[in-house]
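Observations on chain architecture
Now for the letters of each chain:
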Amino acid sequence: MIRLGIDLGGTKIEAVALDTAGRELARRRVATPRGDYAGTLRAIVDLVVVIERDAGTGGTVGIGTPGAVSARTGRMKNCNSTWLNGQPLREDVEAALGRPVRIANDANCFTLAESVDGAARGARIVFGVILGTGVGGGVVVDGRVLEGANAIAGEWGHNPMPWPRDDERPGPACYCGRAGCIETMLSGPGLAADHRRTTGEVLSAEAIVARAAAGDAGSEATLARYEERLARALAHVINVVDPDVIVLGGGLSNIARLYANVPRLWTPYVFSDEVATRLSRNAHGDSGGVRGAAWLWNTEERD
Ligand SMILES: [Zn+2]
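Scope of this entry: the structure provided in the associated data block. Please read these numbers as outputs of a predicted model, since none were measured by experiment.

**A look at the coordination of the zinc ion**
Distances from the zinc ion to its protein donors, His-158 (ND1), Cys-174 (SG), Cys-176 (SG) and Cys-181 (SG), fall at 2.1 to 2.3 Å. Each donor residue of the zinc ion lies on one chain, and together they are spaced H-x15-C-x1-C-x4-C. Residue Cys-181 is classed as buried on the basis of its relative accessible area, which comes to 2%.

Structure, rendered in structure tokens:
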């Protein structure tokens, strides 16, 4: 049986059909009916019908979303696509398709994709990190997403930056209501804001990276702070989860120098005389979310 993955995003819904070896059989994309739950539901169901026709066979269905399913109510929560919150999305898709459906957070799907056949293939414990507009994370152990009692395992973006410097306290205000959250310093907008505070220059994260590479001292200093903060934030994760591999995704994962510099910088913060954890760039790029959604059925049902 093939694996269908749906990546339900705020602007687009993407679907992929994989065979059990992970080869892509079909792919489709439609715009998300923003603000319209019934329309979103219909778009998902239509995509499944069309992609099964493309692939010539039926499959299991996994969905990656920007939020999570509440274990208590079965309804969606924590979605920045707010029209999904409070809705019984899984139940509704299952009823429409007449088969069981699995739903997971998109950072968990990213981590699963990299764990199954990406940058962390073969590793037992994998921590996946999204460094983009926000900062998210997921944990996969032995090829399975760690769901957790509250469906938030790996959500480290709104923990405080550990081992803060004096000038990082209380830290930038965060939309979650607190200050100094990891996300306020390690997201793309967080990097840009840090550069603005120290230099007065309004530049995007991409422009800061390009200027640092061209020898601009202010941009170089901003990136060096970013790397040191990422190292501290990840050392905290290593001390709790002790992953074999940490895989970076999201737009900032394209900063090549992170992979050499950050592991060197995290060493003094990890509570171990040696650190075997690897830091890897993702292998699947933007396809990680949709492939990971397909692999939500990758375990005991694998045939
Ligand atoms: Zn926060």
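Still to come is the rest of the account.
**Observations concerning the layout of surface pockets**
Size it by volume and the largest pocket reaches roughly 1500 Å³. Lining the largest pocket are 45 residues, with Pro-66, Asn-80, Asp-106, Ile-130 and Gly-134 positioned closest to its centre. The set of elements that each furnish at least two residues to the lining of the largest pocket consists of β1 (2-8), α3 (106-117), β9 (135-141) and α9 (288-294). With three residues, the single largest contributor to the lining of the largest pocket is α3. Residues belonging to the lining of the largest pocket are distributed by class as follows: twelve nonpolar, 24 polar and nine charged. Put simply, the second largest pocket is a space of about 350 Å³. Taken together, 20 residues line the second largest pocket, and the ones lying closest to its centre are Ile-103, Ala-104, Val-145, Glu-147 and Leu-296. Of all the secondary-structure elements, those providing two or more residues to the lining of the second largest pocket are β5 (68-69), β7 (101-105), α3 and β10 (144-145). If one sorts the elements of the lining of the second largest pocket by residue count, β7 sits on top with four residues. Here the residues of the lining of the second largest pocket are counted per class, giving ten nonpolar, six polar and four charged.

**Observations regarding the sheet that holds strand β3 (residues 24-31)**
The five strands are arranged β3-β2-β1-β4-β7 in an open sheet whose pairing can be described as mixed. Edge strands, defined here as strands with exactly one partner in the open sheet, are β3 and β7. Adjacent strand axes in the sheet meet at a mean angle of 15°, parallel and antiparallel pairs treated alike. Here β1 runs beside strand β2 (residues 12-18); their pairing, made up of six bridges, is antiparallel. Counterpart to Leu-4 in the pairing with β2 is Ala-17. Sheet strands touched by helix α1 (residues 37-55): β1, β2, β3 and β4 (59-65). Its angle to β3, the strand with the most contacts, is close to 150°.

**Focus: the sheet that holds strand β12 (residues 278-281)**
Strands sit in the order β10-β9-β8-β11-β12 across an open sheet of five strands; the sheet is mixed. Where the open sheet ends on each side, the last strands, each with one partner, are β10 and β12. As defined by bridge partners, β9 adjoins β10 across two bridges and the pair is classed as antiparallel. By the bridge assignment for β10, Val-141 is matched with Arg-144. Across the face of the sheet, helix α7 (residues 217-241) comes into contact with β8 (125-131), β9, β11 (245-249) and β12 while running at roughly 150° to β8. Relative to β12, helix α8 (residues 258-266) is tilted by about 160°, and along the sheet it contacts β11 and β12.

**Quick look at helix α6 (residues 205-213)**
An α-helix turns once every 3.6 residues. As a result, residues three or four positions apart point the same way. Of all the positions in α6, only Ala-205, Ile-208 and Ala-212 are classed as buried. Angularly, the buried residues of α6 cover 60° about the axis, an arc narrow enough to put them on a single face. Among the exposed residues of α6, those oriented more than 90 degrees off its buried face are Glu-206 and Ala-213. Against the buried residues of α6 lie α5 (188-199) and α7. In the segment just after α6, Gly-215 is the residue with positive phi, at about 100°.

Here is what the cut-offs are and how they apply
Each chain has its residues counted from 1, following the order in which its sequence is written. The model is predicted, so local features are restricted to residues of pLDDT at least 70 and side-chain atom pairs to those at 80 or more, both for listing and for counting; the totals for chains, interfaces and linings are taken over all residues. Side-chain measures were taken over the full set of non-hydrogen atoms in the model, leaving aside hydrogen atoms and water. Counted as donors are N, O and S atoms no farther than 2.8 Å from the metal, or 3.2 Å for Na, K and Ca; water is not among the atoms, and sites may therefore look incomplete. Summary of the burial criterion: residues with accessible area below 20% of their type's maximum are buried, those above 50% are exposed, and those between are partly exposed, where the area comes from a 1.4 Å probe applied to protein chains only. Here a cavity denotes a set of grid points, spaced 1 Å apart and computed over the protein atoms alone, in which a 1.4 Å probe fits but from which it cannot get out, and a pocket denotes an open set meeting protein on both sides within 12 Å along at least five of seven lines; residues with an atom within 4 Å of a point are reported as lining. Grid points are joined across faces, edges and corners, and a volume is the space filled by probe spheres set on the points. Secondary structure elements are taken from DSSP: a helix is a run of H or I of four residues or more, a strand is a run of E of two residues or more, and numbering for both begins at the N terminus. Throughout, the ten residues Ala, Val, Leu, Ile, Met, Phe, Trp, Tyr, Cys and Pro are labelled nonpolar, Asp, Glu, Lys and Arg are labelled charged, and all others, Gly among them, are labelled polar. A pair of strands is labelled paired if DSSP reports no fewer than 2 bridges between them. Convention adopted: a line fitted to C-alpha atoms gives each axis, helices being fitted over their contacting stretch, and angles between N-to-C directions are expressed from 0 to 180 degrees. By the convention used here, residues are in contact when the closest approach between their heavy atoms is within 4.5 Å. Working definition: the arc comes from the directions between the helix axis and the C-beta atoms, pointing outward to the latter.

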